[in-house]
Amino acid sequence: MKVLTDLNNGLAFLHRGEFKEFLFRLKVYFKKIDLSYASADTLGLSAERSHAYADSGGTHLEKILNHLNITKEDSIVDFGSGKGGALITFARYPFFKIMGVELLPELVAIAHKNLKILRISTVTMVVSDAAHVTDLNEYTHFYFYSPFPRNVMADVIGNLETSLRLKPRKITIIYCNPEFHDCIVTDTRFSKTNEFHHNRLHHPVYLYSNKP
Ligand SMILES: C[S@@+](CC[C@H](N)C(=O)[O-])C[C@H]1O[C@@H](n2cnc3c(N)ncnc32)[C@H](O)[C@@H]1O
């Protein structure tokens, strides 16, 4: 049954003329890379601290990153990196450092396996609640895809503000499915600078930067 669903999903990409995404999904399938959805219930996650796992990587995320002119001066954190779907996409760009932060060690173990299959060695991952990660001064880009509820989002944005006070610099926040947009722009130094659409997930993606 799963084969039929996978086949159907693959054919849908072809039908929409998304040949590059089709090839990427074919590679994921045949190399046995696990980026499958996992509900918060299955993962035993508390609704107060977390959301489910789903993958936002692939050519749709690339289309957004292509607008950012990434150079080796840039480094990125994926808050709530799960099985590594977005990290795999970030590894295609010249980021100096790529870090995934994930609450669940079992998802980090799967991500390690996925990265190993793809021979990606440029990514580090930490197992932690995102709100507890404060060592952020070396990073310029911060990615969120619906990882956690408002309270955790507010803590993480607070940590970014502290990091900016310690090391003033321009940073970019990329927020896919920006449910808590207000946490980012209310009484902070961040403002929305651009808006894209993730066509596979059918979510808006907002970009923010700090005010000069
Ligand atoms: C929607 S997935 C996004 C996965 C990945 N960023 C991507 O785009 O492909 C959200 C992830 O956030 C993780 N997560 C949820 N709450 C978290 C928290 N408080 N701290 C760190 N990670 C968390 C979940 O376990 C899940 O893997």
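Residues numbered from 1 in each chain as written. Predicted model: local features only at pLDDT ≥ 70, side-chain atom pairs only at ≥ 80, totals over all residues.

Visitor: Honestly, the nonpolar core in this entry has me stumped. Any pointers?
Guide: Generally speaking, a soluble globular protein has its nonpolar side chains buried in company with each other. Ranked by size, the top nonpolar core spans 46 residues in total, and within it Val77, Phe79, Phe142, Tyr143, Ile173 and Tyr175 carry the most contacts. The contact partners of Phe79, leaving out residues within four places of it in the chain, are Val101, Ala130, Phe142, Tyr143, Phe144, Pro147 and Val156. (Core = buried A, V, L, I, M, F, W, Y, C linked by C-beta atoms within 7 Å. Buried ≥ 20, exposed ≤ 12 C-beta atoms within 10 Å, placed from the backbone. Contact = placed C-beta atoms within 7 Å.)

Visitor: Looking at this model, I keep getting lost on the site of the ligand. Mind explaining?
Guide: Neighbouring the ligand are 26 residues, the closest being Ser50, Ser56, Gly80, Gly82 and Gly85. Counting only elements with at least two residues in the shell around the ligand, the list comes to helix 5 (85–90) and strand 2 (97–102). (Near = placed C-beta within 6 Å. Helix = DSSP H or I, 4+ residues; strand = E, 2+ residues; numbered from the N terminus.)

Visitor: Looking at this structure, I do not really get unusual backbone geometry. What am I missing?
Guide: Backbone geometry follows two general trends: most residues other than glycine have a negative phi, and most peptide bonds adopt the trans configuration. Unlike most non-glycine residues, Lys32 shows phi in positive territory, near 55°. By the element assignment, Lys32 lies in the loop between helix 2 (19–30) and helix 3 (40–43). Classification of Lys32 as exposed rests on a count of 9 C-beta atoms within 10 Å. In the Ramachandran plot, Asn69 falls in the positive-phi region, its phi being about 50° despite a non-glycine side chain. Mapped onto the elements of the fold, Asn69 is located in the loop between helix 4 (59–65) and strand 1 (75–79). Its 8 C-beta neighbours within 10 Å are what place Asn69 among the exposed residues.

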